[in-house]
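Now for the letters of each chain:
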Amino acid sequence: MSKGKMQGSQALQPLISHAELMSAKRILFMSHLALGDFVYHGPYLAALKANYPHLELDIWFDDNKNRSKGWKSERNEALTERIKDSGIATVIFPVAGSNDERQKLIRRGNRRQYDIIFYFSANRSLQFAKLAKQIASTAIIVGNTPPKAWLNLREYAYYRHVKRKFVLDEVTGKRELVTHIFDRCRERYERCFGPLKLHNTHKQGLPVNTTEKSRGVISAWISQQVSDHSSPLVLLNPFSGSQKQDLSAEAFTSVINAIFTHYEQAHIIVNVPASSEIGVKAVLKAHELNQNSQISLFTQSDNIHLLPALLQQVDFIVTVESAITHFASTLHCPQLAIVRENAASRRPIEYVDLFWCPERIHNVRGIELAPKVISAMRSLKL
């Protein structure tokens, strides 16, 4: 963001006043959050909580979709535990598995009697406007809306309950210059609340905590898996929250083979969701890699501290767009991130290199990706 633009946005009066926040008891934040999103929303929510410690701040991250996905329960558990671990939220409303479950969440929200509800959503703002009205029609509802010219009469009827409105400023341009999601978060929170001072440890996002116990568990696990501790230890994460953005079996195995071609003694840890473990084993077997003792599968458990502890103990990370991209960045772990050009705002802040995809990550070919991985590893002198 340019200096002039920043000064202009800060000159605007915040949509929610200091007096309103001081007199409020409960406030609800609504957004379609994923683990990676919380890395960048978390610092501002933490700052809001620090400024107004009397407030009970609740978080609703239901995506308002009716389609069921196999990884939804895994995302629910991981994000719920992550938010709990941050200590920011009093009550957490997770993704509903059905309309009946969503109605239960709405009734639970009714009982909270919110004074203020605010939401941010680039694609589903109408759904959040509807939900906010259902949860607390008397609350001060603040959120983004499309430009008025885009609204039909039915949509306008829902948005009129949003008492304080603003339009998201989605900046476009060259991929490396697209406004980062962290900067967009700053613009949105400052539009609602005015400037919020971030904690010194939150300047690159909300870091993922590790514990002495989790570091010990991971150290012991690595010792069992790895025989040569002097060789490169690489974490490969081929999975995102969507099959379209997962690495194909061809690209996945090409990267593995390239690493072993250039680093014979390397050990590769593949991060695998529990729901995909059988599929990964089948791919490794089909490519005659299943008997390779230098490949280990790591499946995230319900202990949210283990994955970040693992990230800190490997030498290099290769990952598709996912929470791991952002976790690695906040932990200063060297990574090559595979990022879509149309999702440039979600590139990591810190990285060794980026592999840009013009379309779906699933379309990436190993012949293009593997040399980029080896080049990044060589730049680290592994």
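Below, the structure is looked at part by part. Predicted, not measured: the structure shown is a model, and the values here were computed from it.

The element helix α12 (residues 306-313) is largely enclosed, with a buried count of 6 among its 8 residues. Those residues of α12 that fall on the buried side of the exposure criterion are Leu 306, Leu 307, Pro 308, Ala 309, Leu 310 and Leu 311. At its buried positions, α12 is contacted by α9 (212-225), β7 (233-237), β8 (267-272), β9 (295-299), β10 (316-320) and α13 (323-330).

Okay, the pairing of β9 next. Sheet topology places β8 next to β9; 5 bridges connect them, and they run parallel. Bridged to Asn 271 within β9 is Phe 298. Crossover β8 to β9 through helix α11 (residues 277-286) is right-handed.

Moving on, we come to the environment of Tyr 189. Among the secondary structure elements, Tyr 189 is positioned in helix α8 (residues 181-193). Every residue in contact with Tyr 189, bar those within four places of it in the chain, is listed here: Phe 29, His 41, Tyr 44, Leu 45, Phe 118, Phe 120, Gly 194 and Leu 196. A polar contact is formed between the side chain of Tyr 189 and the side chain of His 41, at a distance of 2.9 Å.

Overall, parallel pairing links the 6 strands, which are arranged β3-β2-β1-β4-β5-β6 in an open sheet. Each of the sheet's edge strands pairs with one partner strand only, and the pair in question is β3 (92-93) and β6 (164-166). As paired strands, strand β2 (residues 56-60) and β3 are joined by 2 bridges and run parallel to one another. Of the residues in β3, the one forming a bridge with Ile 59 is Ile 92. Across the sheet, helix α3 (residues 35-51) lies against β1 (26-30), β2 and β4 (116-119), angled at about 160° from β2, the strand it touches most. Against the sheet, α8 contacts β1, β4, β5 (140-144) and β6, and its axis sits at roughly 150° relative to β6.

Of note in this structure, His 332 is not a glycine but carries a positive phi near 60°. You can see His 332 is positioned in the loop between α13 and β11 (335-340). Phi at Lys 381 takes a positive value of approximately 60°, unusual for a residue other than glycine. Mapped onto the fold, Lys 381 is located in the segment after α14 (366-379). Residue Lys 381 is classed as exposed on the basis of its relative accessible area of 74%.

Grouped together as the largest cluster of nonpolar side chains are 64 residues, with contacts concentrated most on Phe 118, Tyr 189 and Phe 193. For this core, the element with the most residues is α3, which contributes 8 residues. Excluding residues within four positions of it along the chain, Phe 193 makes contact with Pro 14, Ile 16, Leu 21, Ile 27, Leu 48 and Phe 118. Of all hydrophobic cores here, the second largest spans 35 residues; its members include Ala 251, Phe 252, Ile 259 and Val 373.

Take the pairing of β10 next. Within β10, 5 of the 5 residues are buried, which leaves the element mostly enclosed by the surrounding structure. Neither face of β10 is left uncovered, since the one carrying Phe 316, Val 318 and Val 320 and the one carrying Ile 317 and Thr 319 both have all their residues buried. Inspection of the sheet shows β7 paired to β10 by 4 bridges, in the parallel sense. Across the sheet, residue Asn 237 finds its bridge partner in β10, namely Thr 319. Here β10 runs beside β11; their pairing, made up of 4 bridges, is parallel. Bridging from a neighbouring strand, Ile 317 pairs with Gln 335 of β11. Note that the unit made of β10, α13 and β11 has a crossover that is right-handed.

Turning next to a positive patch on the surface. Taken together, the side chains of Lys 104, Arg 107, Arg 108 and Arg 111 make up a positively charged region of the molecular surface. Secondary-structure assignment places Arg 111 in helix α5 (residues 99-112).

With that settled, the discussion passes to the sheet that holds strand β12 (residues 353-357). Read from one edge to the other, the open sheet built from 6 strands follows the order β9-β8-β7-β10-β11-β12, with strand pairing classed as parallel. On the outer flanks of this sheet lie β9 and β12, each paired with one strand and no other. Averaged over all pairs of adjacent strands, the angle between their axes in this sheet comes to 20°, without regard to strand direction. Helix-sheet contacts for α11 involve β8 and β9, and the interaxial angle to β9 is about 170°.

Two elements in contact, α5 and helix α6 (residues 125-135), have axes whose closest approach is 8 Å; the angle formed by their N-to-C orientations is 50°. By the criterion of interaxial angle, the relationship of α5 to α6 is oblique. Along its contact with α5, which presents Arg 102, Ile 106, Gly 109 and Asn 110, the element α6 presents Leu 131, Gln 134 and Ile 135.

Calculation criteria
- Residues numbered from 1 in each chain as written.
- Predicted model: local features only at pLDDT ≥ 70, side-chain atom pairs only at ≥ 80, totals over all residues.
- Heavy atoms only, no water.
- Buried < 20%, exposed > 50% of the residue type's maximum accessible area, 1.4 Å probe, protein only.
- Helix = DSSP H or I, 4+ residues; strand = E, 2+ residues; numbered from the N terminus.
- Contact = heavy atoms within 4.5 Å.
- Pairing = 2+ DSSP bridges.
- Right-handed = clockwise from strand over helix to strand, strands pointing away.
- Polar contact = N/O pair within 3.5 Å; in protein donor to acceptor, adjacent residues only side chain to side chain.
- Axes fitted to C-alpha atoms, helices over the stretch in contact; angles between N-to-C directions.
- Core = buried A, V, L, I, M, F, W, Y, C linked by side-chain atoms within 4.5 Å.
- Patch = residues over 30% accessible without salt bridge, like charges linked within 9 Å, V, L, I, M, F, W, Y side chains within 5 Å.
- Areas by Shrake-Rupley, 256 points an atom, 1.4 Å probe, with all protein chains shown as cover.
- Salt bridge = Lys/Arg side-chain N within 4 Å of Asp/Glu carboxyl O.
- Lys, Arg positive; Asp, Glu negative; His and termini not counted.
- Charge placed at Lys NZ, Arg CZ, Asp CG, Glu CD.
- Parallel < 35°, antiparallel > 145°, perpendicular 65-115°, else oblique.

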